[in-house]
Amino acid sequence: MADDVKDPERMDKLVSLCKRRGFVFPSSEIYGGINGFWDYGPYGSRMKRAVENLWWHEMVETRDNVEGLDSTIICHPRVWKASGHLDQFSDLMTDCRKCKARYRVDQMEDPTTCPACGSHDLTEPREFNLMMKTYVGPVFDEEHTAYLRAETCQPIFVDFHSVRVATRQKLPFGIAQIGKAFRNEINPRNFTFRSREFTQMEMEFFCDGEEGMEWFEYWKQQRINFYRKQLKFTDDFFRIYVHEKLAHYAKAAIDIEVQFPFGWGELEGVHHRGTWDLTRHSEFSGENLEYVDHDNQRKLMPTVIETSVGLDRMMLAILSRAYDEDKAATAKEGMEEDVRIVLHLPPKVAPIQAAVLPLSKKLMENAEKLNSELLHYFRTETDVTGSIGKRYRRQDEIGTPFCLTYDFESGTDNSVTVRNRDTMKQERVNLTQLRDYLEKAIEA
Ligand code: ATP
C-alpha cells in the first residue's frame, strides 16, 4: 500500500491553476467568497459535465436493470425524520474559548487541545446538525420548515414504488440519481473535498436479501473497474478501506479512497444497507414498500446495495492525479521556461479534447472551418494568439490531449499535424481520417 503522501504545495498549485484557467473558483468571490461554496468556470463545467455523463452512461445507459431519477432537492420533512438525518445527522463539535475556533471532535488529533492556539480551554463537545434548513410557504415557523436534501439517495427510496410500477422492473434492479446535496459542514476544507453544496452520484440497487452479499461484491468490483478503466486510476492512487464498525442495519461497507495532495481521503462508498431504508419509509409514510414476487408467491422487503460518490470529489481526484510539472519536456519544444505545467487528464473527460491551432492568423478561417466540423463530435476550440509553443503550453495546462496545427501545407495535402500532450510526438494526419483517429485515441 502506498504511503500517505501529503503535499500542500501541490494542492496550492492546483487550486491556483483551477482559478487561473477557469476550472473552479470561490463562489461570490467579489463579495469575499462564501466558505464551502465553489463555482465551476468554463473549462471546469465542461469537464464536470463529461465526468457526470461518463458515470451516467456507465451506471444507467448501458444497463437495462438500472433506471434514472431526477427528484426535487426539497422533500417532505418527514423523509428526513425517517432517514434519521433530523435526529442523528450531526457532528460532535467543540469550541476553543481562547481563539473562538470550532472543530469536529472526530477530526482533532488531541480533542483536549486547540489545534490553532494550543489552548486547553475547550467547551464540552456538543451535537451540531448538518441539515440545511429553509421554509416553504409564506410563514416562517416550525410548521413550514423544510430541509435541503443532505443526500440524493433518500428520494430514491421514497420513489421506489412509483419507479418500479412505471418501469415494470422486477428484482433485482437499481435506481440512480445525480444531483445537488447540501450539508452545513462545520469546517469546509481541502478545496472542494468538503463543501457545503456539492453534487452526488448515487445508485441504489434493490435485491433479495439472500443475494445481498453477492450483489455487494458485484457493485464493489464494478466501481473499481470504472476507476481503472475509465479514469485510468492505478493501484498506487486508490485503495479500499473496509469498514469494521458498521451501522446496526448494515451488513458490509467499503470506501474507495484516493491519494489527494492532502493525504488519503474517501471518494466513494459502497454499502450493503440491508432492508433499513425501505422499512423506515414504510413505517413513517404508512405505505407498504414491500415487493411482491409473483413468480414465487411471496412478499419481501428489498435489500439495498448502494454506490455513492461525490462528483466534486471525483473531479478533485482526477485533477490532483493529472497535475504534473514536467521538467524534461521544455527543451524538446524549444521553450525557455523550466517547467511545463500539464494536466494528464483522461481524454474522455478533458474539457477540450482537441484544439485547432492555425500556424498564422492568415489561416484562421480554415482553422475555424475545421473546428466547426469537429465540434459536433468532440469538445474543441481554436487558439490563435501567441507562438505555437506558447499555445501548446496553454493547452497543456488545461489538459488538452491533442493539438491540431493547421499550417501552410494543410490546404494542399489536406492534413494537419497532431501533437500528443503526453508523448509530445507529432504526426501528420489526413483530414479524411481525423475524426476516426481522434475517436480511437480518446477511447484508448
Ligand atoms: P465524510 O466522512 O467525508 O464526511 P460521508 O461518509 O459522510 O463523508 P456519505 O454520506 O457516504 O459521505 O456521502 C457519499 C459521498 O458524497 C462521499 O463519498 C463523498 O464523495 C461525497 N460527499 C460527502 N460529503 C461531502 C462534502 N461535504 N463535500 C463534497 N462531497 C461530499
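Residues numbered from 1 in each chain as written. Predicted model: local features only at pLDDT ≥ 70, side-chain atom pairs only at ≥ 80, totals over all residues. Heavy atoms only, no water.

Draft legend 1. How the structure looks around the nonpolar core. Among the nonpolar cores identified, the biggest contains 63 residues, and Phe 23, Trp 55, Tyr 227, Leu 231, Phe 233, Met 314 and Ile 318 are the most heavily contacted of them. Looking at which domains feed residues into this core, each of domain 1 (8–80 + 137–319) and domain 3 (352–443) supplies at least three. Not counting chain neighbours up to four residues away, the residues in contact with Met 314 comprise Val 51, Trp 55, Met 201, Arg 223, Phe 226, Tyr 227, Leu 231, Leu 267 and Val 309. (Core = buried A, V, L, I, M, F, W, Y, C linked by side-chain atoms within 4.5 Å. Buried < 20%, exposed > 50% of the residue type's maximum accessible area, 1.4 Å probe, protein only. Domains from an automatic or database assignment. Contact = heavy atoms within 4.5 Å.)

Draft legend 2. Spotlight on the pattern of salt bridges. Enumeration according to the criterion identifies 35 salt bridges in this entry. Notably, a salt bridge pairs Arg 104 with Glu 185, separated by 3.8 Å at the nearest N-O pair. Residue Arg 104 is located in strand β5 (residues 102–104), and its partner Glu 185 is located in the loop between β9 (173–182) and β10 (197–207); the two are separated by 81 residues in the primary sequence. Summarising the burial analysis for this pair, Arg 104 and Glu 185 share the class buried. With a shortest N-O distance of 3.1 Å, Asp 235 and Arg 228 are connected by a salt bridge. (Salt bridge = Lys/Arg side-chain N within 4 Å of Asp/Glu carboxyl O. Helix = DSSP H or I, 4+ residues; strand = E, 2+ residues; numbered from the N terminus.)

Draft legend 3. How the structure looks around empty space enclosed by the protein. For the structure on display, the rule yields 1 cavity of 30 Å³ or more. Quantified by volume, the largest cavity comes out at close to 40 Å³. (1 Å grid on protein atoms, 1.4 Å probe; cavity = no way out; pocket = protein on both sides within 12 Å on 5 of 7 lines; lining within 4 Å. Points joined across faces, edges and corners; volume = space filled by probe spheres on them.)

Draft legend 4. Highlighting the site of the ligand. Looking at the ligand, there are 15 residues lining it, with Glu 185, Arg 194, Glu 266, Leu 267 and Gly 310 nearest. Glu 266 is positioned with one of its side-chain polar atoms (N or O) 2.7 Å from an oxygen atom of the ligand. The side chain of Arg 313 places a nitrogen or oxygen atom 3.1 Å from an oxygen atom of the ligand. Here the ligand has 590 Å² of accessible area as a free molecule, and 83% of this is covered by the chains. (Near = heavy atom within 4 Å. Polar contact = N/O pair within 3.5 Å; in protein donor to acceptor, adjacent residues only side chain to side chain. Areas by Shrake-Rupley, 256 points an atom, 1.4 Å probe, with all protein chains shown as cover.)

Draft legend 5. Local environment of helix α10 (residues 364–374). If you check which residues of α10 are buried, you get Met 364, Ala 367, Leu 370, Asn 371 and Leu 374. Taken end-on, α10 shows its buried residues confined to a sector of 125°, consistent with a single buried face. Exposed residues lying more than 90 degrees from the buried face of α10 are Glu 365 and Lys 369. (Arc of directions from axis to C-beta.)

Draft legend 6. Layout of unusual backbone geometry. Of note, the bond from Leu 171 into Pro 172 is cis; its omega dihedral lies within 30 degrees of zero at -5°. Within the secondary structure layout, Pro 172 lies in the loop between α6 (160–167) and β9. Phi at Ser 28 is positive, roughly 50°, even though this residue is not glycine. With respect to the secondary-structure elements, Ser 28 resides in the loop between β1 (24–26) and β2 (38–40). What makes Ser 28 partly exposed here is its relative accessible area of 35%.

Draft legend 7. Inspection of helix α9 (residues 311–322) at higher detail. The terminal C-alpha atoms of α9, which comprises 12 residues, lie 16 Å apart, in line with the 16 Å expected from a rise of 1.5 Å per residue. The element α9 is largely enclosed, with a buried count of 11 among its 12 residues. Turning to α9, its buried residues are Leu 311, Asp 312, Arg 313, Met 314, Met 315, Leu 316, Ala 317, Ile 318, Leu 319, Ser 320 and Ala 322. (Expected span 1.5 Å × (residues − 1).)

Draft legend 8. Region of interest: the domain arrangement of the chain. Structurally, the chain comprises domain 1 (8–80 + 137–319), domain 2 (90–129) and domain 3 (352–443). On the side of domain 2, 5 residues touch domain 1, which itself brings 5 residues to the contact. Of the roughly 500 Å² buried between domain 1 and domain 2, counting both surfaces, carbon and sulfur atoms make up 54%. It is Asn 184, Ile 186 and Asn 187 that lose the most area in domain 1 upon contact with domain 2, and together they represent 73% of the buried surface on that side. Our count for the domain 1 to domain 2 interface comes out at 1 salt bridge. Connecting domain 1 to domain 2 are 1 residue pair in polar contact (both at pLDDT 80 or more). Looking at the side of domain 1 that touches domain 2 residue by residue, the class counts come to 1 nonpolar, 1 polar and 3 charged. (Buried area = accessible area lost by both parts, 1.4 Å probe. Nonpolar A, V, L, I, M, F, W, Y, C, P; charged D, E, K, R; others polar.)

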